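Here is how the chains run, residue by residue.
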Amino acid sequence: STQSTWGTYAGNAVSCAAANAVLDVMKDEKVLDNVKIRSQQLFKGLKDMVNRHNLPIEDIRGLGLMVGFQFNSTVKYGTASAVTKVAMKNGLLILTCSKYEVIRLIPTLNITEAELDQALAILEKSILEVLNS
């Protein structure tokens, strides 16, 4: 039998040109350099937040700007979901994931230092609002 890679998008010249343009922008604008620096800022900000308020967070994990943190077993079921709802009300879009109480943070790769500081502040406010309610 003959195998084929024929398909709507397979090898499409316009799609390949768009992909090359994205790679050029990522290189020219040093997007991955920003990811490395912002990742360090994000992990440090989360750890500082946990320590500052003795938050019931047992794990902070991830790579680059794809980061998640898990509340420990002392929080009630639905805490992560409640935090995402309060965060949305406060202007921050975050997601839950897993069957455990986990929140996932996936900011844009070109997020600035100031934007990430603002996001961490909103996250902190939102967590405290839920935990103290």
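Given the structure is predicted, the values throughout are model-derived calculations rather than measurements. (Residues numbered from 1 in each chain as written. Predicted model: local features only at pLDDT ≥ 70, side-chain atom pairs only at ≥ 80, totals over all residues. Heavy atoms only, no water.)

### Here's the deal with the overall build of the chain
Piece 1. Regarding its fold elements, the chain presents four helices and four strands.
Piece 2. For the chain, the sequential pattern of α-helices and β-strands runs α-α-β-β-α-β-β-α.
Piece 3. Since a compact globule built from 133 residues should have a radius of gyration of about 14 Å, the 19 Å found for the chain marks it as more spread out than a globular shape.
Piece 4. In terms of principal-axis extent, the alpha carbons of the chain reach across some 60 × 40 × 25 Å.
Piece 5. The burial tally for the chain puts 35% of its 133 residues in the buried class.
Piece 6. In the chain, 58% of the contacts between residues at least 6 apart in sequence involve partners at least 24 apart.
Piece 7. Here the chain has roughly 9000 Å² of accessible surface; of this, 56% comes from carbon and sulfur atoms. (Helix = DSSP H or I, 4+ residues; strand = E, 2+ residues; numbered from the N terminus. Rg over C-alpha atoms; globule rule 2.2 N^0.38 Å. Buried < 20%, exposed > 50% of the residue type's maximum accessible area, 1.4 Å probe, protein only. Contact = heavy atoms within 4.5 Å. Areas by Shrake-Rupley, 256 points an atom, 1.4 Å probe, with all protein chains shown as cover.)

### Quick notes on the sheet that holds strand β3 (residues 95-97)
Piece 1. Spatially, four strands are ordered β1-β2-β4-β3 in an open sheet, and the strand pairing comes out antiparallel. At either margin of the open sheet sits one strand with a lone partner, and together these are β1 (57-63) and β3. The average undirected angle you get between the axes of adjacent strands in this sheet is 30°. (Pairing = 2+ DSSP bridges. Axes fitted to C-alpha atoms, helices over the stretch in contact; angles between N-to-C directions.)

### A look at unusual backbone geometry
Piece 1. For lysine 30, which is not glycine, the phi torsion reads 50° and is therefore positive.
Piece 2. Locating lysine 30 in the fold gives a position in the loop between α1 (13-28) and α2 (31-53).
Piece 3. Judged by relative accessible area, which is 52%, lysine 30 ranks as exposed.

### Some thoughts on the pattern of salt bridges
Side chains that carry opposite charge are capable of pairing whenever their charged atoms lie near each other.
Piece 1. Tallied over the entire structure, the rule returns four salt bridges.
Piece 2. Between aspartate 48 and lysine 44 there is a salt bridge, with the nearest N and O atoms lying 2.6 Å from each other. Placement of both aspartate 48 and lysine 44 in helix α2 is noted, with a separation of four residues, approximately one turn of the helix.
Piece 3. Relative accessible area serves as the criterion here: at 51%, lysine 44 is assigned to the exposed category. (Salt bridge = Lys/Arg side-chain N within 4 Å of Asp/Glu carboxyl O.)

### Digging into the pairing of β1
Piece 1. In this structure, β1 lies alongside strand β2 (residues 66-71), joined through six bridges in antiparallel fashion. Bridge pairing in β2 links glycine 62 to valine 67.
Piece 2. Two successive antiparallel strands, β1 and β2, enclose a turn made up of two residues, where glycine 64 displays a positive phi of approximately 65°.

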